[in-house]
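# Structural description and commentary
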Amino acid sequence: MLELTNLDAGYGDLQILTDVDMVVEAGEYVTIVGPNGAGKSTAMKSVFGLTTHMGGTVTFRDEDIQGVDTPEIIQRGIGFVPQSDNIFPTMTVQENLEMGAYIDDSETQAAIDAVFERFPILEERKRQRAGTMSGGQRQMLAMGSALMLEPDLLLLDEPSAGLAPDLVDEMFDKIDEINDAGTAIMMVEQNAKEALRRCDRGYVLVNGENAYDGPGDELLADDEVRQRFLGG
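The paragraphs below set out a description of the structure included in this document. (Residues numbered from 1 in each chain as written. Predicted model: local features only at pLDDT ≥ 70, side-chain atom pairs only at ≥ 80, totals over all residues. Heavy atoms only, no water.)

Moving on, we come to the packing of helix α3 (residues 93-100) against helix α4 (residues 109-118). Where α3 contacts α4, the two axes come as close as 10 Å, and the packing angle between them is 120°. Taken as axis vectors, α3 and α4 run oblique relative to one another. For the pair α3 and α4, the sense of crossing is right-handed. Taken together, the residues of α4 that come into contact with α3 (itself represented by V93, Q94, L97 and E98) are Q109, I112, V115 and F116. (Axes fitted to C-alpha atoms, helices over the stretch in contact; angles between N-to-C directions. Helix = DSSP H or I, 4+ residues; strand = E, 2+ residues; numbered from the N terminus. Parallel < 35°, antiparallel > 145°, perpendicular 65-115°, else oblique. Left-handed = near helix turned anticlockwise from the far one by under 90°. Contact = heavy atoms within 4.5 Å.)

Looking now at the sheet that holds strand β9 (residues 201-206). As summarised here, the arrangement of the six strands in space is β6-β7-β8-β3-β9-β10, forming an open sheet in which the pairing is mixed. Two strands lie at the open edges of the sheet, namely β6 (78-81) and β10 (209-215), each paired on one side alone. Adjacent strand axes in the sheet meet at a mean angle of 15°, parallel and antiparallel pairs treated alike. Pairing geometry for strand β3 (residues 29-33) and strand β8 (residues 184-188), over four bridges, is parallel. (Pairing = 2+ DSSP bridges.)

Looking now at unusual backbone geometry. Although it is not a glycine, R61 sits at a positive phi angle of roughly 50°. Since its relative accessible area comes to 40%, R61 is described here as partly exposed. With a phi close to 65°, D62 is a non-glycine residue in the positive phi region. (Buried < 20%, exposed > 50% of the residue type's maximum accessible area, 1.4 Å probe, protein only.)

The residue P89 is located in the loop between β6 and α3 in this model. Judged by its relative accessible area of 45%, P89 is partly exposed. Every residue in contact with P89, bar those within four places of it in the chain, is listed here: R129, A130 and G131.

The next point concerns the packing of aromatic side chains. Evaluation of the coordinates by the stated rule reveals two aromatic pairs. Their ring planes at 50° and their centres at 5.0 Å tell us that F48 and F80 sit as a pair that is tilted. Of the two residues, F48 sits in the loop between α1 (40-47) and β4 (52-60) while F80 sits in strand β6, which places them 32 residues apart along the sequence. Each member of the pair F48 and F80 is classed as buried. Aromatic pair Y212 and F229: ring centres 5.9 Å apart, planes at 70°, arrangement edge-to-face. (Phe/Tyr/Trp six-rings, centres within 6.5 Å; stacked < 30°, edge-to-face > 60°.)

Two side chains with opposite charge may pair up if their charged atoms get near one another. Here the structure, examined in full by the defined rule, presents nine salt bridges. When the shortest N-O distance is used, the salt bridge between R76 and E63 registers 3.2 Å. Taken as a pair, R76 in the loop between α2 (70-75) and β6 and E63 in strand β5 (residues 63-64) lie far apart in primary sequence, 13 residues in all. Among the residues examined, E63 registers a relative accessible area of 44% and is labelled partly exposed. Between R198 and E194 there is a salt bridge whose closest N-O contact spans 2.6 Å. (Salt bridge = Lys/Arg side-chain N within 4 Å of Asp/Glu carboxyl O.)

Another aspect to go through is a negative patch on the surface. Side chains of E3, D19, D21, E25, D62, E209 and D213 sit close together on the surface and give a patch of like negative charge. For the negative patch, the elements supplying multiple residues, two or more each, are β2 (14-24) and β10. Take E25: it is sitting in the loop between β2 and β3. With relative accessibility at 44%, the residue E25 sits in the partly exposed group. (Patch = residues over 30% accessible without salt bridge, like charges linked within 9 Å, V, L, I, M, F, W, Y side chains within 5 Å. Areas by Shrake-Rupley, 256 points an atom, 1.4 Å probe, with all protein chains shown as cover. Lys, Arg positive; Asp, Glu negative; His and termini not counted. Charge placed at Lys NZ, Arg CZ, Asp CG, Glu CD.)

What follows is about the environment of C199. Relative to the helices and strands, C199 is located in the loop between α8 (192-198) and β9. Its relative accessible area of 8% is what places C199 among the buried residues. Here the alpha-carbon distance between C199 and M44, two residues 155 residues apart in the chain, equals 16 Å. Each residue touching C199, except ones within four places of it in the same chain, is listed here: Y29, T31 and G216.

What follows deals with the pairing of β8. Most of β8 is tucked away, with five of its five residues classed as buried. Burial along β8 is two-sided: A184, M186 and V188 facing one way and I185 and M187 facing the other are all buried. Strand direction decides the pairing type here: strand β7 (residues 153-157) and β8, joined by five bridges, are parallel. Among the inter-strand pairings, L156 is bridged to a residue of β8, identified as M187. The parallel pair β7 and β8, bridged by helix α7 (residues 165-180), forms a crossover whose chirality is right-handed. (Right-handed = clockwise from strand over helix to strand, strands pointing away.)

Right, here's the structure in full:
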């Protein structure tokens with residue numbers, strides 16, 4: 001479904017990624033891990049057209065999407081939940097979900113109902129201003145907004161960042177449910193052990209380059225990966 005090939009990318013004149021290769025198959029759950037500053041979020045943002053392209057290709061369903069405007073990328077079936085500033089805090093939950101489908105002229109209520117079914121707490125608080133909710137609830141709202149157009153691929157940048165420890169497992173469970181329902185996941189995550197335990201495949205980036213890749217359980221069992229990146 002998604003393929004990054006020999007990707008060079010960064011911001012302005014600053015190159016972050018060098019010859020990065022990644023693949024996400026239809027319905028797959030892929031995690032990107034690595035040390036701070038490794039280029040994890042840059043790789044994800046490059047898919048969504050938010051970086052400076054310096055070389056290589058990004059293809060989605062065998063079509064080159066480099067240079068394609070972000071609204072068109074969304075229309076083609078990719079959703080993105082950034083790590084921060086991912087909701088409209090002064091709007092209600094319902095209004096945030098409606099904004100998630102702003103580029104779709106069709107009736108949105110069915111999509112909202114589907115989000116409420118997946119995240120019941122959002123229906124309970126649909127008239128509440130989003131900025132007054134807890135961190136976990138805001139993150140669920142951000143994911144719900146990204147799901148409004150029923151993307152085939154959902155990009156998640158550090159979904160557990162800032163959450164209380166008792167909410168992290170709940171967040172991962174929700175991501176599992178989204179993937180089990182058929183949506184492919186590409187996720188950058190600081191909680192590397194848990195992310196690799198749950199995903200189909202993982203990529204380890206170091207200094208903007210591919211260092212390791214393979215099934216998540218194999219990376220977890222790799223002594224070198226564990227010692228260098230997972231705390232032993």
